[in-house]
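Examination of the molecular architecture
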Amino acid sequence: GYPAEGYRKWGEAKSIPLSAIAQAKREAKGDAVQRMKKAVGDRALVPETILDLEYIDFGGDQNSEETRWVSLIHIDGNGIGNALKAVPDAAGEKGYNTFSRALDICTRKAFRQALKAPDLKALEKPPILLPLVLGGDDVTVLCSASAALPFTVAYLKAFEEITRGCPTLQGGFSASAGVAFLKPHYPFYAAYQLVEELCRSAKRKEVKENRVSAFD
């Protein structure tokens, strides 16, 4: 929908017109993938693209039904908005920044800790995992189907534990997650809407009041 800035190669077959926005995104992709690979480390295989989840060779039969399923996970902290409202006015912008930075650090620590979970290590095949969002209290991840529930449970436990130990975060937080299992070619937009709905479903009243984590 934007005016073309120039032409760029699309595979080996042809050149296509690209807008300046699309061109900038393509140029930024490499750095983004490297940041996510650094976050994952050697605890999982990180594909370059969404479709690589289907084709990446991780020691199994690529024609089997199992390898044609992937999972999309969306995780969101519980009660973060109310906690931000409770930041003293006297603290001003510095108070918000301190809170947000502490939350971001805890989220990344919980992510790394979840990847070390025994249930993930016990899988027959190494997990394939592509973080799409990792910051603040939000985590969105595409992964191999077999890794989805072990990762989600481990992350929710780690997030509770790590935020509870952070003095800045007022006693810690729980989180809620939506987990969907889908075919690799299922439209991503629809899949993301689904996991957001599942995440909202997990944030039931009793979950919020009792400050416990849940997933749907």
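Placed above this text is the structure.
Because the structure is a prediction, the values reported are computed rather than measured. (Residues numbered from 1 in each chain as written. Predicted model: local features only at pLDDT ≥ 70, side-chain atom pairs only at ≥ 80, totals over all residues. Heavy atoms only, no water.)

**What about a positive patch on the surface?**
Using the following cut-off: Exposure above 30% relative accessible area and no salt bridge define the residues that can form patches, which grow by joining like charges within 9 Å and nonpolar side chains of Val, Leu, Ile, Met, Phe, Trp and Tyr within 5 Å. Where accessible areas are quoted, they stem from the Shrake-Rupley method and a 1.4 Å probe; at the residue level, only the protein chains shown are allowed to cover. When a carboxyl oxygen of Asp or Glu lies within 4 Å of a side-chain nitrogen of Lys or Arg, that pair is called a salt bridge. His is not counted, nor are the chain ends; Lys and Arg add positive charge and Asp and Glu add negative charge. The atom standing in for a charge is NZ when the residue is Lys, CZ when it is Arg, CG when it is Asp and CD when it is Glu. Every helix listed is a DSSP run of H or I at least four residues long, and every strand listed is a run of E at least two residues long, numbered separately from the N terminus. Each residue is placed in one exposure class: buried if its accessible area under a 1.4 Å probe, protein chains only, is under 20% of its type's maximum, exposed if it is over 50%, and partly exposed if it falls in between.
Together, Lys109, Arg112, Lys116 and Lys121 make up a region of like positive charge exposed at the surface. Its place among the elements puts Arg112 in helix H4 (residues 92–114). According to the relative accessible area criterion, Arg112 is partly exposed, its value standing at 36%.

**Quick notes on the layout of surface pockets**
How we decide: Lining residues are those with an atom within 4 Å of a point, where the points come from a 1 Å grid over the protein atoms alone and group into cavities, where a 1.4 Å probe fits but cannot get out, or pockets, open sets with protein on both sides within 12 Å along at least five of seven lines. Grid points are joined across faces, edges and corners, and a volume is the space filled by probe spheres set on the points.
In this structure, the largest pocket spans a volume of roughly 680 Å³. In this structure, the largest pocket is lined by 24 residues; those nearest its centre are Glu48, Thr49, Ile50, Leu130 and Leu132. Where the lining of the largest pocket is concerned, the elements lending two or more residues are helix H1 (20–40) and strand S4 (129–135). Top contributing element to the lining of the largest pocket by residue count: H1, with seven residues.

**Notes on the pairing of strand S3 (residues 70–77)**
Note the cut-off: Only strands joined by at least two bridges in the DSSP assignment are considered to pair.
Of all eight residues in S3, eight are buried; the element is thus mostly enclosed. Residues Val70, Leu72, His74 and Asp76 of S3 are buried on one face, and the alternating residues Ser71, Ile73, Ile75 and Gly77, pointing to the opposite face, are buried as well. The pairing of S3 with strand S5 (residues 138–144) spans seven bridges and is classified as antiparallel. Looking at S5, one finds that Leu72 is bridged to Leu142. One ladder, built from eight bridges, connects S3 with strand S6 (residues 175–182); its direction is antiparallel. Bridge assignment links Gly77 to a residue of S6, and that residue is Ala175.

**Details of the pattern of salt bridges**
Summed over the entire model, instances satisfying the criterion amount to four salt bridges. A salt bridge links Lys203 to Asp76, with the shortest nitrogen-to-oxygen separation between them at 3.2 Å. A residue pair is termed long-range when its members are at least 10 positions apart, and Lys203 in the loop between helix H7 (188–202) and helix H8 (205–210) and Asp76 in strand S3 qualify at 127 residues. Comparing Lys203 with Asp76, the two get one shared label, buried.

**What about the nonpolar core?**
To keep things clear, this is the line we draw: As used in this record, nonpolar core signifies buried Ala, Val, Leu, Ile, Met, Phe, Trp, Tyr and Cys residues forming a set joined through side-chain atoms within 4.5 Å. It only takes one pair of heavy atoms within 4.5 Å for two residues to be counted as in contact.
Core analysis: the biggest nonpolar cluster contains 50 residues, and Ile75, Phe99, Phe111, Leu129, Phe151, Tyr155 and Leu169 have the highest contact counts within it. What Phe99 contacts, discounting residues up to four positions off in sequence, is Ile80, Ala83, Leu84, Val87, Thr168, Leu169, Gln170 and Phe173.

**Details of H1**
Stated formally: Multiply 1.5 Å by the residue count of a helix minus one, and that product is the helix's expected span.
Compared with the 30 Å implied by 1.5 Å per residue over 21 residues, the 30 Å span of H1 between its first and last C-alpha is a close match. Restricting attention to buried positions, one finds in H1 the residues Gln23, Val33, Met36, Ala39 and Val40. The positive-phi residue at the C-terminal boundary of H1 is Gly41, with phi of around 70 degrees.

**Things to note about the sheet that holds S4**
Spatial ordering of the open sheet is given by S4-S5-S3-S6-S7, a layout of five strands whose pairing is mixed. Each end of this open sheet is capped by a strand with a single partner; those strands are S4 and strand S7 (214–215).

**Re the packing of aromatic side chains**
Heads up, the rule is: In this analysis, rings of Phe, Tyr and Trp, with Trp reduced to its six-membered ring, are considered paired at centre separations within 6.5 Å, and the interplanar angle assigns stacked below 30 degrees, edge-to-face beyond 60, and tilted for intermediate values.
Applying the stated rule across the entire model yields five aromatic pairs. Relative to Phe159, the ring of Tyr155 lies with its centre 5.9 Å away and its plane at 20 degrees, an arrangement referred to as stacked. Here Phe159 and Tyr155 lie together in helix H6 (residues 148–164), a separation of four residues that amounts to about one turn. With respect to class, Tyr155 is no different from Phe159; both count as buried. A centroid spacing of 6.1 Å and a plane angle of 25 degrees characterise the contact between Phe188 and Tyr192, whose relative ring orientation is stacked. Pair noted here: Phe188 and Tyr192 are both in helix H7, with a separation of four residues, about one helical turn.

That is the geometry; function is a separate question.
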